[in-house]
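Below, each chain spelled out in residue letters.
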Amino acid sequence: MDSKYNFLTAALVLLLAFAAEPTLAESRWGAKYFPNVELTSHTGEKLRFFDDLIKDKVVVINFIYTTCPDVCPMETAQLTRVQRILGDRLGHDVFFYSITIDPDHDTPEVLKDYRDRFGAKWTFLTGDEQDIISLRRKLGLYIEDIGGGENNHNVNMIMGNQKTGRWMKRSPFENPYVMADQIGNWLHGWKMPQELKDYASVPELRNMSAGEKLFRTRCTSCHTIDGTSDSEIGPDLLGVTRRRDRTWLINWMRAPDEMLANQDSIAIEMYNRFNQIPMPNMDLSQVDVKDLINYMQAETDRVLGDDATATAGNLSAAAPDEDVVATMNAWVREALPGAPVNAGYMTLINLGREDLKLESVDAENFGKVEIHNMATVDGMMKMQRVAELTIPASGKVSLKPGGMHLMLMQPEQELASGDQVRMKLNFSSGRSQTLTLSVRDQ
Ligand SMILES: [Cu+2]
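Visitor: Describe the overall build of the protein, naming the residues involved and giving the relevant values.
Guide: Looking only at helices and strands, the protein features 14 helices and 17 strands. The 442 residues of the protein split such that 32% are buried. For the protein, contacts bridging at least 24 residues in sequence account for 67% of all contacts bridging at least 6.

In structure tokens form, the structure reads like this:
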């Protein structure tokens with residue numbers, strides 16, 4: 001056994017320390033670990049899970065059932081976006097598999113029909129129910145909490161490289177560019193150099209600025225830049241180019257460790273506020289830092305508007321006397337043609353001194369709107385209806401991908417990116433507020 005192998009094994013055991021019963025480390029992710037069960041594809045082909053599907057491959061595996069009304073279609077739609085970004089690498093050096101957990105209903109014919117409806121090009125599989133349960137168990141999808149907190153709950157999907165033994169759980173709500181990058185470059189990076197040329201030549205990626213690309217690959221594991229969430233490892237970076245001095249930002253990004261060591265007061269305050277997790281020094285060049293600042297600036301202008309005096313939180317508070325809540329970053333996810341539901345997201349900010357209760361929502365062009373939360377039931381991500389939503393006094397509630405959302409049901413027409421949806425939020429006080437959301441694809 002060479003030392004590299006041992007190192008990998010050790011890293012894996014650490015990563016998965018919560019995830020598996022004691023097994024011989026060497027066989028954990030090899031042929032002996034995965035049941036080599038027989039599955040049947042949507043074309044009726046018989047395939048062995050280990051030998052035919054994952055051996056020596058980079059794969060994404062998710063579990064679905066075709067009658068699932070909401071989460072599965074959203075997940076499938078998300079994967080089709082990743083498919084579009086990966087282009088013809090899918091099926092050549094990256095493989096997706098969607099395995100049904102309802103084999104009684106989901107015959108190969110039913111799966112084929114489902115696959116066609118979504119324009120999916122990957123393999124859908126059915127098989128013996130007990131075999132599929134054991135696969136899910138082995139892949140760790142039964143484990144509700146592998147110790148990483150909230151982020152690990154919302155997972156039906158796993159991606160990995162069988163040969164190197166590197167496996168990760170993934171949220172289906174993750175940005176498709178980040179997923180494509182992780183699958184296409186990061187997982188492959190263990191055995192071959194980055195294929196950035198290839199990747200950049202995919203049409204959808206050509207428009208991405210250098211700064212955006214850097215941001216998506218180097219920063220999104222710890223930061224968001226959408227104004228919705230401070231609950232990640234680090235702060236949300238929307239507006240950071242407005243709240244910090246330019247020189248400070250440059251110094252920070254080049255050497256956050258030194259700023260902290262030099263007792264910079266902003267650095268110390270942030271370090272304490274973010275659970276004493278230091279931002280790593282990433283050895284960024286001057287050019288990288290400039291590109292990143294340009295990207296964060298552009299993103300801030302795009303979302304908050306060009307107005308230099310605009311600050312986070314005042315977006316639709318233009319008439320604060322009349323509005324019940326301030327709203328930020330409200331949008332509707334573009335659904336695939338024929339999808340039975342859309343999701344709407346927004347951050348609701350209560351600037352008042354009393355709690356507010358959102359009781360119901362009406363949306364133009366949708367028959368019904370429900371407030372939904374996400375929960376993991378039997379290892380599958382499920383949505384649950386929430387009767388009313390409380391926005392605490394001087395507090396905020398974020399509806400965002402992977403978490404709480406407005407489920408827009410019974411669509412009367414298809415909506416594409418750029419379209420608008422008018423909504424009315426009805427509060428328990430009897431007051432209501434209208435707002436307009438635009439449709440985007442992510
Ligand atoms: Cu929902």
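That was the structure; now back to the text.
Visitor: Give me the lowdown on the nonpolar core, citing residues and values where you can.
Guide: Counting residues in each nonpolar core, the largest one holds 71 residues, and the members touching the most others are Y97 and L408. Two domains each put at least three residues into this core: domain 1 (3-205) and domain 3 (326-440). Ignoring any residue separated from it by four or fewer positions in sequence, one finds L408 in contact with V332, V341, N342, A343, G344, A363, F366 and V369. Counting twelve residues, the second-largest nonpolar core is a separate cluster that includes F215, L238, W252 and Y295.

Visitor: Can you explain helix α3 (residues 71-86)? Please cite residues and give values.
Guide: For α3, spanning 16 residues, the distance from its first C-alpha to its last is 23 Å, which sits close to the expected 22 Å at 1.5 Å a residue. Looking one or two places after α3, you find G87, whose phi comes out positive at around 60°.

Visitor: With reference to specific residues and values, describe the packing of helix α11 (residues 246-254) against helix α14 (residues 286-304).
Guide: Two elements in contact, α11 and α14, have axes separated by 10 Å at closest approach and are oriented at 125°. Judged by the angle between their axes, α11 and α14 are oblique. Handedness of the crossing formed by α11 with α14: right-handed. Two secondary-structure elements touch here, α11 through L249, I250, M253 and R254 and α14 through V289, L292 and I293. Its residues assigned to classes, the contact of α11 with α14 shows six nonpolar, no polar and one charged.

How each quantity is defined
- Residues numbered from 1 in each chain as written.
- Predicted model: local features only at pLDDT ≥ 70, side-chain atom pairs only at ≥ 80, totals over all residues.
- Helix = DSSP H or I, 4+ residues; strand = E, 2+ residues; numbered from the N terminus.
- Buried ≥ 20, exposed ≤ 12 C-beta atoms within 10 Å, placed from the backbone.
- Contact = placed C-beta atoms within 7 Å.
- Core = buried A, V, L, I, M, F, W, Y, C linked by C-beta atoms within 7 Å.
- Domains from an automatic or database assignment.
- Expected span 1.5 Å × (residues − 1).
- Axes fitted to C-alpha atoms, helices over the stretch in contact; angles between N-to-C directions.
- Parallel < 35°, antiparallel > 145°, perpendicular 65-115°, else oblique.
- Left-handed = near helix turned anticlockwise from the far one by under 90°.
- Nonpolar A, V, L, I, M, F, W, Y, C, P; charged D, E, K, R; others polar.

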